[in-house]
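Here is what each chain is made of, one letter per residue.
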Amino acid sequence: MKDLLIPDIYAQSIYTIDYKKLKEKGIKCLLFDLDNTITQTYVKTPSKEIINKFEEIEELGFKVIILSNALKSRLKPFKEILNVDTSALSCKPLSFKYKKIMMMYNYDEKDIAAIGDQLYTDIKGANKLNITSILVNPLSKRESILTKYNRIKENKLFNKWEKQGIFERGVYYE
């Protein structure tokens with residue numbers, strides 16, 4: 001069994017992911033975390049750069065869903081402007097929202113990739129269901145108290161992994 005916290009892919013940001021390669025691997029659906037993955041936590045609407053990236057991704061034929069632990073009101077402007085589906089209060093890393101999406105859209109775990117900036121929510125949630133997990137660097141240091149706590153745990157784990165030669169921050173892989 002794979003380590004639930006080690007991502008399948010590590011990219012600098014959503015802008016450096018090779019989406020064509022994901023398509024070639026059979027990925028049909030991309031689950032994006034919102035805060036510090038797509039945009040900073042304090043930004044209320046998507047930038048032109050984000051809009052362009054999501055248009056590019058959708059042109060490749062992906063179903064795009066924002067899967068977030070945030071409130072519905074936080075996701076609403078992104079849903080409307082980006083014209084994507086959203087799943088609020090997802091309680092990642094729990095599995096029920098992932099399973100609901102798979103059932104609603106008739107996807108298997110092999111059809112989905114989940115993209116996020118946190119090991120203990122985004123990566124663990126995807127890995128629990130054998131969904132392709134993609135870790136990106138957080139966009140900002142401005143975060144909730146719970147996320148700051150998770151970052152402390154992540155940093156300890158990253159340091160341990162670096163010493164063991166398992167994972168190194170800044171060394172990206174597909």
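Preceding block: the structure.
Residues numbered from 1 in each chain as written. Predicted model: local features only at pLDDT ≥ 70, side-chain atom pairs only at ≥ 80, totals over all residues. Heavy atoms only, no water.

Student: Before we go on, may I ask you to explain the packing of aromatic side chains in this structure?
Tutor: Two aromatic rings are characterised by how far apart their centres lie and by the angle between their planes. In the structure shown here, the tally under the stated rule is ten aromatic pairs. Geometrically, the ring pair formed by Tyr-105 and Tyr-107 is stacked, given 6.2 Å between the ring centres and 25° between the ring planes. Residue Tyr-105 is classed as partly exposed on the basis of its relative accessible area of 25%. Looking at Tyr-107, the relative accessible area reads 14%, which means it is buried. Between Phe-158 and Phe-167 the ring centres are 5.2 Å apart and the planes differ by 20°, which places this aromatic pair in the stacked class. For Phe-167, a relative accessible area of 3% puts it in the buried group. Over the face of the ring belonging to Phe-62 we find Lys-23, whose NZ or CZ atom lies 4.8 Å from the ring centre. (Phe/Tyr/Trp six-rings, centres within 6.5 Å; stacked < 30°, edge-to-face > 60°. Buried < 20%, exposed > 50% of the residue type's maximum accessible area, 1.4 Å probe, protein only. Lys NZ or Arg CZ within 6 Å of the ring centre and 35° of its normal.)

Student: I keep staring at the nonpolar core and nothing clicks. Help me out?
Tutor: Side chains of a nonpolar character, in soluble globular proteins, are inclined to be buried together. Core analysis: the largest hydrophobic core is formed by 28 residues, its most contacted members being Tyr-19, Leu-22, Leu-30, Phe-32, Phe-54 and Ile-115. Sorting the residues of this core by element identifies strand S1 (9–11), helix H1 (19–24), strand S2 (29–32), helix H2 (48–59), strand S3 (63–67), helix H3 (72–82), strand S5 (112–116) and strand S6 (132–136) as the ones contributing at least two each. The dominant element in this core, judged by the number of residues it contributes, is H2, at four residues. Each residue touching Leu-22, except ones within four places of it in the same chain, is listed here: Ile-9, Ile-17, Ile-27, Leu-30, Phe-62 and Ile-134. The next biggest cluster of nonpolar side chains, apart from the first, holds 13 residues, and it includes Cys-29, Tyr-98, Tyr-107 and Ala-114. (Core = buried A, V, L, I, M, F, W, Y, C linked by side-chain atoms within 4.5 Å. Helix = DSSP H or I, 4+ residues; strand = E, 2+ residues; numbered from the N terminus. Contact = heavy atoms within 4.5 Å.)

Student: Is there a simple way to explain the sheet that holds S1 in this structure?
Tutor: Remark on secondary structure: sheet strands pair via backbone hydrogen bonds, oriented parallel or antiparallel. The strand order across the open sheet formed by six strands is S1-S6-S5-S2-S3-S4, and the pairing between neighbours is parallel. Across the chains shown, the open sheet's two edge strands, defined by having one partner strand only, are S1 and strand S4 (85–87). Going from strand to strand, the sheet's axes swing by 25° on average, the running direction of each strand aside. Two elements, S5 and S6, share four bridges in a ladder whose sense is parallel. Paired with Gly-116 across the strands is Leu-135, a residue of S6. (Pairing = 2+ DSSP bridges. Axes fitted to C-alpha atoms, helices over the stretch in contact; angles between N-to-C directions.)

This is a description of form; function is not addressed.
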